[in-house]
Amino acid sequence: MTATLITGIGQLVTCDGSGPDGLGLRDDQAVIASDGVINWIGPAAAAPAADTMIDCAGRTVIPGFVDSHTHLVFAGDRSAEFTARMAGKPYDGGGIGTTVAATRSADDDQLRSLIAGRVAAARAQGTTTLEIKSGYGLTVEEEVRALRLAGEFTTETTFLGGHVVPAELAADRAGYVDLVCGPMLTAAAPYARWIDVFCEPNSPHAFTAEESRMILTAGAAAGLELRVHGNQLGPGPGVRLAVELGAASVDHCTHLTDADVDALAGAADTTVATLLPGVEFATRSPYPDGARLAAAGVSIALASDCNPGTCHSSSMPFMIALAVRELGLTPAQALLAATVGGARALRRTDIGAIAIGRRADLAVIDTPSYLHLAYSPGMALTMALDPDSRERQ
Ligand SMILES: N=CN[C@@H](CCC(=O)O)C(=O)O
Ligand SMILES: [Zn+2]
């Protein structure tokens, strides 16, 4: 067993739920990790001896970010679509087909190398756990391939055959839903922990409430746990379907009625509302009302949704800055949502906070306090620090 002493911590932000805002702030602390698990936290001056030492030189230490929503398995470039949106063209999910074509054309090594680069970029911004979805394959073979490759980087793999109806089956929506619920699910399930669906009647490409229900119910019967893309483009059934079916998370939550907020508040022990403000930034859309959700007692996570269409960024510090500036969360609420909130959205109790027995998945911020995550946007301040990492996800 190798013990690593992490010391010289200026501000330790445990996110362990203690203190007035739940951040569990502590000064003059050190942490010891053995084989990647935290087994001692206490005053730096009282730290026991360890095999190796990491000196943080007064920097701030937080839990590594848990990015519970990404689409990292893709090829191609949609920067022209982004540019058109900035000139006023609305987003409706139609560009997903462009990425499907590019992804199908890439070979395994090309895709693997693209994913590896994206995972490295996320780690450089302090992310230590990533969920990764399929959804740019949309055939049995291509969805399995996407999940197999995603599984080389994370255990949090999500089958998203229900992303859009692919162009070749646009005239046979029912046939595609049957494929997703049948042979595609059977082939994909061994490679996935989760199933997700883009439940969005406001997009002609995505799925209605009834189609989404069929996909999620079939996924649950195949042993997968549920997540939902819901209420992104307008009011819709996604949130209530997610709550009704006991999904771990419903993501976007941009357009919510009072009934949606009540449903989420009533299901706070089961279903997390995951906010993805990079999407509103990059689609020039109204932001979700994070303050309203927090005030109602909704369980909130913050994630990047890194994908080629609606948010080409995996930077969790950027998401925190947007959450504070545009969603009305306090800096403390935003950091909790990006760490322990993300862990909750993945139903994980071993990550997201700095506490005895949790994994030593940490991030170091080169500033005197966590406040700089929102205060200093766009600055390269954060990096993952996880001693003894075996590239755990
Ligand atoms: N909304 C559905 N899926 C992605 C966008 C995918 C794309 O446009 O390529 C999202 O979460 O925003
Ligand atoms: Zn998404």
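Residues numbered from 1 in each chain as written. Chains lettered and ligands numbered in written order. Predicted model: local features only at pLDDT ≥ 70, side-chain atom pairs only at ≥ 80, totals over all residues.

The name given to the protein in an unreviewed UniProt entry is Imidazolonepropionase, with Microlunatus parietis as the source organism. Quoted verbatim from the Subcellular location (unreviewed entry) field of the UniProt record, the comment on the protein reads "Cytoplasm". (UniProt positions renumbered as here; feature names shortened; annotations may be inferred.)

A.B. asks: Sorry, what's going on with the overall build of the protein here?
C.D. replies: Within the protein, the regular secondary structure consists of 14 helices and 18 strands. Relative to its length of 393 residues, the protein is compact, with a C-alpha radius of gyration of 20 Å against a globular reference of 21 Å. On the principal axes, the C-alpha backbone points of the protein span a range of 70 × 45 × 40 Å. Here the protein holds 393 residues, and 56% of them are scored as buried. Across the protein, contacts joining residues at least 24 apart in sequence account for 72% of those joining residues at least 6 apart. (Helix = DSSP H or I, 4+ residues; strand = E, 2+ residues; numbered from the N terminus. Rg over C-alpha atoms; globule rule 2.2 N^0.38 Å. Buried ≥ 20, exposed ≤ 12 C-beta atoms within 10 Å, placed from the backbone. Contact = placed C-beta atoms within 7 Å.)

A.B. asks: I tried to follow the UniProt feature "binding site: N-formimidoyl-L-glutamate" (unreviewed entry) in the protein on my own but got confused; where do I start?
C.D. replies: Taking the UniProt record as the reference, the feature "binding site: N-formimidoyl-L-glutamate" (unreviewed entry) is found at Tyr136, Asn307 and Gly309. These residues run over 174 residues, yet every pair of their C-alpha atoms falls within 11.3 Å of each other. In this fold, Tyr136 is placed in the loop between β10 (132-133) and α4 (140-150). When near neighbours in sequence (up to four residues on either side) are disregarded, Tyr136 contacts Val73, Phe74, Thr99, Val100, Thr103 and Ala146. Tracing the backbone shows Gly309 in the loop between β16 (300-302) and α11 (316-326).

A.B. asks: Help me understand the site of ligand 1 in this model?
C.D. replies: Residues in contact with ligand 1 amount to 14 residues; listed here are only the nearest, Ile96, Phe198, Asn307, Gly309 and Thr310. Looking at the shell around ligand 1 residue by residue, the classes come out as 4 nonpolar, 9 polar and 1 charged. (Near = placed C-beta within 6 Å. Nonpolar A, V, L, I, M, F, W, Y, C, P; charged D, E, K, R; others polar.)

A.B. asks: Sorry, what's going on with the pairing of strand β12 (residues 194-199) here?
C.D. replies: When you tally the buried positions in β12, you get 6 out of 6 residues, the bulk of the element. Both faces of β12 are covered, namely the face carrying Trp194, Asp196 and Phe198 and the face carrying Ile195, Val197 and Cys199. Across 3 bridges, strand β11 (residues 157-162) lies against β12 in parallel orientation. By the bridge assignment, Thr158 is partnered in β12 with Trp194. (Pairing = 2+ DSSP bridges.)

A.B. asks: I'm lost on the nonpolar core in this one. Help?
C.D. replies: Nonpolar side chains in soluble globular proteins generally cluster together in the buried interior. Core analysis: the biggest nonpolar cluster contains 123 residues, and Val73, Leu302, Ile320, Ala323, Ala334 and Leu335 have the highest contact counts within it. Not counting residues within four places of it along the chain, the set of residues in contact with Ala323 comprises Leu275, Pro277, Gly290, Leu302, Leu329, Ala334 and Ala337. (Core = buried A, V, L, I, M, F, W, Y, C linked by C-beta atoms within 7 Å.)

A.B. asks: What am I meant to see in the packing of α4 against helix α5 (residues 173-188) here?
C.D. replies: Any two packed helices are characterised by the angle at which their axes cross and by the distance between the axes. Two elements in contact, α4 and α5, have axes whose closest approach is 9 Å; the angle formed by their N-to-C orientations is 30°. If you check the angle between α4 and α5, you find them roughly parallel. Both α4 and α5 take part in a crossing whose hand is right-handed. On α5, the residues that touch Val140, Glu143, Val144 and Leu147 of α4 are Pro183, Met184, Ala187 and Ala188. Here the contact of α4 with α5 is composed, by residue class, of 7 nonpolar, no polar and 1 charged. (Axes fitted to C-alpha atoms, helices over the stretch in contact; angles between N-to-C directions. Parallel < 35°, antiparallel > 145°, perpendicular 65-115°, else oblique. Left-handed = near helix turned anticlockwise from the far one by under 90°.)

A.B. asks: Would you mind showing me how to read the environment of Ser113 here?
C.D. replies: Positionally, Ser113 belongs in helix α3 (residues 108-124). Among the residues examined, Ser113 registers 11 C-beta atoms within 10 Å and is labelled exposed. C-alpha separation for the pair Ser113 and Gly297, spaced 184 residues apart in sequence, amounts to 41 Å.

A.B. asks: Would you mind showing me how to read the sheet that holds strand β7 (residues 60-63) here?
C.D. replies: Strand pairing in a sheet takes place through backbone hydrogen bonds and is either antiparallel or parallel in direction. The sheet built from 5 strands is open, its strands ordered β3-β2-β7-β17-β18 with mixed pairing. If you trace the sheet from one side to the other, it starts and ends with β3 (25-27) and β18 (382-385), each paired once. Adjacent strand axes in the sheet meet at a mean angle of 25° when their direction is disregarded. Relative to strand β17 (residues 362-365), β7 runs antiparallel, the two being bridged by 4 bridges.

A.B. asks: Explanation requested: the domain arrangement of the protein in the structure shown.
C.D. replies: Interface size is commonly expressed as the accessible area that is lost once the parts come together. The domain architecture assigned to the protein consists of domain 1 (3-64 + 352-385) and domain 2 (65-346). Between the C-alpha centres of domain 1 and domain 2 there is a distance of 29 Å. If you look at the interface, domain 1 gives 21 residues, while domain 2 gives 23 residues. For the side of domain 1 that touches domain 2, the elements supplying multiple residues, two or more each, are β7, α14 (372-375) and β18. (Domains from an automatic or database assignment.)

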